[in-house]
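# Observations on the three-dimensional arrangement
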Amino acid sequence: MDYKPLEFEEKWLNYWDESGLNRTLNSSDRPNYYVLEMFPYPSGRLHIGHVRNYSIGDCIARFMKMSGYNVLHPSGFDAFGLPAENAAIKHHINPAEWTLENVNFMIGQQKRLGLAYDWNRLVVTCNDDYYRWNQWIFLKMFDRGLVYRKKGWVNWDPVDHTVLANEQVIDGRGWRSGALVEKREIEQWYLKITDYADELLSGLDELDGWPERVKTMQRNWIGKSLGTEVVFKSTLPGIEVNVFTTRPDTLFGVTYVVLAPEHPLVSELGTDPDVVQYVQKSLAKSAIDRADMTQIKTGVPLGISVINPVNNDVVPVYVSDYVLMDYGTGAVMAVPAHDDRDFEFAQRFGLPVRVVIQSPDVWDGTSAYTGTGKLIESGKFSGLESETAKERISQWLEENNVGKSVAKYRLRDWLISRQRYWGTPIPMAYRSDGTPIPVPIEQLPVRLPLDVQFEGKGNPLEQSLSFRHVEINGELLSRETDTMDTFFDSSWYFLRYTDPSNTDSPFDKRMADSWLPIGQYIGGIEHAVLHLLYARFFSKVLRDLGLHSVGEPFKNLLCQGMVIKDGAKMSKSLGNVVDPSDIISKYGADTARVFILFGAPVERDLDWSDAGVDGAFRFLSRVFRVVSDVQAHHPSSSPELEKLLHKTIKSVTEDIQRFSFNTAISRLMELTNFTVQHGISSDSARILTVLIAPFAPFMAEELWQQLGDKGSVHTQSWPSFDVSKTIDESVTLVVQVNGKVRDKIEVPRGMSQADAEKLVAESDRIQKFVDGQSIVKIIFVKDKILNLVVK
């Protein structure tokens, strides 16, 4: 019988939907297992990269269900965000219309792929039954002191009078107006993620199921450094500069201090036009450009001086963009003799260079010596080695109340304010004097208004008459018009899936605890830091709020590779995107799934191949014909088939467990090829159908029906194997002479060294490499290698 998937795939979609096959029970006598792919943004169309992500998760979910688990496998949409607002501006519509239309279309695409999602647990973050809980969580965090407001820098379009996201700034200009973008400081809301820095760092040691490179990226992002904070008091009254250094041993070599352009003292004291202009120019640069060691050092004097606490030297303060607020205190004590960037800056501005660490060689004054050594010109600390001096100087600073040993983090508190419409409204309001007042929980959700215009100018929420004012406890207040960073939405959505219909709280504690931690989380490496770090932070906060009991939400993490076409990542701008609907309409969904899982190991990039798609279809066609024809021919089993079947069950089981889907499919191909030549029994056909079900769910369901079996193939138990039938009676013994392979011999499994040596001694092929030489050593590994070492 020919394989014609388009004739039956829709039938099984309807059957699964009507029977509730993929619905998850909250209570079961089976152990719970939670598998989740990172939910998508509803951009309008799925691409092959999505198909890869979802096919991996679906294969795992189906396998675990057949292996005896009560599996939670939900889906949803990360539906707030800038693209929808841009579309609203372009088409003059509300972003909700664009977003929900895309959501519905993409759900249809996901269903057509045969993804075994429990659609009763759908979460769409732009719906107010979800974002009201964003607001509830925000208020709970506010009550615990984890939310605060302060000034922060934003991109400002002076023509459209609006704040721009970094993605909306193109070559320093606004994406719509083309105006040169300015930097402005405005009051914004922050979450105190730094309160959890130590736990976020130490928790990585528990995550044995995470890729090491992801943990390394998070460790680097958190960036813990042990060092010393030093107080440089200004010559002006009441002003001091705190600097953080990991090299207090060089403190006597400080000849100036540098502040980042974003440092609060710069905006407070830097009123000189040259400083103001320099700050604007610096803030227009990217952090990558500013951190680039090859960039020419620039800067301006701030016009104040500070006093070095260890020697009372008065040194000038500069502003320079090579100093970043993202690390330490945003202030650097500059030691040109012992830091490359400081040296370059000092040379450019004619500042003194004072050597205080003795280098192994005579210093020639052309570069900095950045190593450690013996201190010189350092008062009573002269003669000490650097490591000892670090401790002694830090201790002296602490005793004299001008410094202390501290741990600093690269991690900064999370700025969540966004000056745009399409996001969760921040549930705060303001008195006329600017005092912020939280919206009472009983007034949630604070809904997005509809009386707004999307013209790309200003924040639409500021234009809404129905939104701008609110009465709280009899007092008329002005609403906050900022919305939340969309990472807020995606930092706890996986918890909502455990109890998505709850109207009294974000989720029930018992439900969350019964499902978490997630057994397998799947997504791209591009989410290694922000999303995964924020989600870990939220889990710890919500745990401390008593909402659940789990500190680390993702027990195992799988980061799949990208899909590549024509040598580049698929992209609309490159015109190399493949629409999965085109494949499905020609070959069926199972072909798309099998190609994507067979094409490459999951962690590696997958090269798109039309020939590979054809090959996947041909393989499924062979399986379909072999199993379909079994009823007509009634072939009997054979010892060879039975042995190969048990070996295949073992291999496919182990391959799925370690995500080697490509080798699992390869094993199924080997079994299918054998049955094409030698036939297959009815029982073996049933096992083959079950084995292929996680990869090709539509075809497996159709074959299961043709075999006359009841129920769904996806509710069957995963087949077991007899270990004794997976072991070959003979093995290949590799024979080497001085480490070079000279022969391969089939021998009985378990052959002794003595018998192996006798066999080799009788081999003319081996003896020609040994004749005239003495055997000085024999290395033997049973069932694998015999190596003769000769001279």
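Located above this text is the structure these notes cover.
Described below are features of the structure shown in this document. Here the structure is a predicted model, which means the values were calculated and not measured.

With that settled, the discussion passes to the sheet that holds strand 30 (residues 606-607). The sheet built from three strands is open, its strands ordered 29-28-30 with mixed pairing. Two strands bound the open sheet, and with one partner strand each, they are strand 29 (568-569) and strand 30. Relative to strand 30, strand 28 (residues 563-565) is paired through two bridges, and the arrangement is parallel. By the bridge assignment for strand 30, valine 563 is matched with leucine 606.

Before going further, it helps to spend a moment on the environment of glycine 253. Mapped onto the elements, glycine 253 comes out in the loop between strand 11 (240-245) and strand 12 (256-259). Look at glycine 253 and you get buried, because its relative accessible area is 0%. Measuring from C-alpha to C-alpha, the distance between glycine 253 and glycine 328 comes to 19 Å, with 75 residues separating the pair along the chain.

It is worth spelling out the pattern of salt bridges at this point. Scanning the model with the defined rule gives 37 salt bridges in all. Ionic pairing is found between arginine 184 and glutamate 182, a salt bridge with its closest N-O pair at 3.8 Å. For the salt bridge of arginine 543 with glutamate 199, the shortest nitrogen-to-oxygen distance reads 2.7 Å. Of this pair, arginine 543 sits in helix 17 (residues 530-544) while glutamate 199 sits in helix 6 (residues 197-203); the two residues are 344 residues apart in sequence, bridging distant segments of the chain. Given a relative accessible area of 23%, arginine 543 falls into the partly exposed group. Within this structure, Glu199, Arg536, Lys540, Arg543, Asp544 and Glu552 form a network of salt bridges that share partners.

On to the sheet that holds strand 23 (residues 469-472). The sheet built from four strands is open, its strands ordered 22-21-24-23 with antiparallel pairing. This sheet does not close on itself; its edge strands, each paired only once, are strand 22 (436-438) and strand 23. Strand-to-strand, the axes of this sheet are offset by a mean angle of 50 degrees, without reference to chain direction.

When a strand is regular, its side chains alternate between the sheet's two faces. Sheet analysis places strand 33 (residues 775-781) next to strand 34 (residues 785-790), joined by six bridges and oriented antiparallel. When the bridges of strand 34 are listed, valine 781 appears paired with isoleucine 785.

Within the secondary structure layout, asparagine 32 lies in strand 1 (residues 32-37). Judged by its relative accessible area of 26%, asparagine 32 is partly exposed. Among all residues touching asparagine 32, those that are not within four sequence positions of it are Tyr69, Asn70, Ser514 and Trp515. Within the structure, the side chain of asparagine 32 is placed 2.9 Å from the side chain of asparagine 70, a separation counted as a polar contact. From its side chain, asparagine 32 meets the backbone oxygen of serine 514 in a polar contact 3.1 Å long.

Calculation criteria
- Residues numbered from 1 in each chain as written.
- Predicted model: local features only at pLDDT ≥ 70, side-chain atom pairs only at ≥ 80, totals over all residues.
- Heavy atoms only, no water.
- Pairing = 2+ DSSP bridges.
- Helix = DSSP H or I, 4+ residues; strand = E, 2+ residues; numbered from the N terminus.
- Buried < 20%, exposed > 50% of the residue type's maximum accessible area, 1.4 Å probe, protein only.
- Salt bridge = Lys/Arg side-chain N within 4 Å of Asp/Glu carboxyl O.
- Axes fitted to C-alpha atoms, helices over the stretch in contact; angles between N-to-C directions.
- Contact = heavy atoms within 4.5 Å.
- Polar contact = N/O pair within 3.5 Å; in protein donor to acceptor, adjacent residues only side chain to side chain.

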